[in-house]
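Chain and residue survey
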Amino acid sequence: MPVRGVEVISVNLMPALWLLLTASLFSLHAQATASHEIKSGTKWHQYEVVQLLLEDHVFTPDDVVFKLYQPYKLVLTNVSDEAKHDLVDENFFHAIVLKEIIVGGVSINTHHINSLLLKPNTTASLLFVPVLANEFEVYCTLPNHREEGMEGYFTIEP
C-alpha cells in the first residue's frame with residue numbers, strides 16, 4: 001500500500017552486483033598472475049639472509065628494512081627455552097610473494113600466511129619477495145608479550 005509522500009523507486013541491482021563480482025575476480029586473477037610472474041622471474045638463489053631473534057618480549061633487531069623485488073630469506077629463531085612466540089602483521093604478509101617456509105628441514109610451499117608461531121628453541125625460514133612498499137608494525141600476540149615490548153617494524157622500500 002503506497003504511503004502518502006513516499007515514492008517507491010525500483011532499482012535493478014543485478015548489473016551493479018555483476019560488475020562488482022567481475023571486478024573482484026579480475027583483481028584476484030591479476031594478483032595470481034603477478035605472483036606467478038614474480039615467482040618465475042625471480043632469481044631465488046640470490047636471496048639476502050635476514051636474521052630475526054624472537055627473545056623474551058623483544059624482537060632483535062626490532063627494525064628491519066627490505067628492498068622492493070629483492071628476494072629474501074628471513075630466518076626467525078625463537079631463542080626462549082620456555083615461551084612460544086609469534087610474528088604477526090597480516091598486511092606485511094599481503095605485501096610479499098611467498099615462495100616457501102622451511103621449518104625443521106621441511107619445506108612448505110604456500111602462497112600466503114597471516115602469522116607464524118614458533119615453539120621454544122625452534123627456527124623457521126621464509127623465502128619471499130617484497131612487492132608492496134610500506135611500513136608494517138609486527139608483533140607477538142601471546143598474552144602480555146606486545147605490551148611488554150615485543151613489537152617492531154618491517155619496512156619495504158622502493
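Given the structure is predicted, the values throughout are model-derived calculations rather than measurements.

1. A few points about the pattern of salt bridges
Counted under the stated rule, the structure contains three salt bridges. Its salt-bridge partner being E157, residue K67 comes within 3.0 Å of it at the nearest N-O pair. Here K67 is found in strand β3 (residues 63-67), whereas its partner E157 is found in strand β11 (residues 151-157), with 90 residues between them in sequence. Judged by relative accessible area, which is 41%, K67 ranks as partly exposed. In this structure, R146 and E137 form a salt bridge, with 3.2 Å as the shortest nitrogen-oxygen distance. Residue R146 is classed as partly exposed on the basis of its relative accessible area, which comes to 29%.

2. Let's talk about the confidence of the model for the chain
Atom-level detail of predicted coordinates should not be read off regions where pLDDT is low. Of the residues in the chain, 75% reach a pLDDT of 70 or more, and the chain-wide mean stands at 82. Of all secondary-structure elements in the chain, the lowest mean pLDDT belongs to helix α1 (residues 14-41), at 48, while β3 reaches the highest, 98. For residues 5-11, every residue scores under 50 in pLDDT, and the model assigns this stretch zero contacts once sequence neighbours within four places are set aside. Note on residues 15-33: pLDDT is under 50 here. Beyond four places in sequence and across chains, it has zero contacts.

So, how was this worked out
Per-chain numbering applies: the sequence of each chain, read as written, is numbered from 1 onward. Two thresholds apply to this predicted model, a pLDDT of at least 70 for residue-level local features and 80 or more for giving and counting side-chain atom pairs, whereas whole-chain, interface and lining totals are computed over all residues. With hydrogens and water stripped out, all remaining heavy atoms of the structure feed into the side-chain values. The term salt bridge refers to a pairing of a side-chain nitrogen on Lys or Arg with a carboxyl oxygen on Asp or Glu at a separation within 4 Å. Put simply, DSSP marks the helices as runs of H or I at least four residues long and the strands as runs of E at least two long, and each gets a number from the N terminus on. Categorising residues by exposure relies on relative accessible area from a 1.4 Å probe, with only protein chains included: less than 20% of the type maximum marks a residue as buried, more than 50% marks it as exposed, and the intermediate range marks it as partly exposed. For every residue, the predictor states its confidence as a pLDDT score lying anywhere from 0 to 100. Any two residues having at least one pair of non-hydrogen atoms within 4.5 Å are treated as being in contact.

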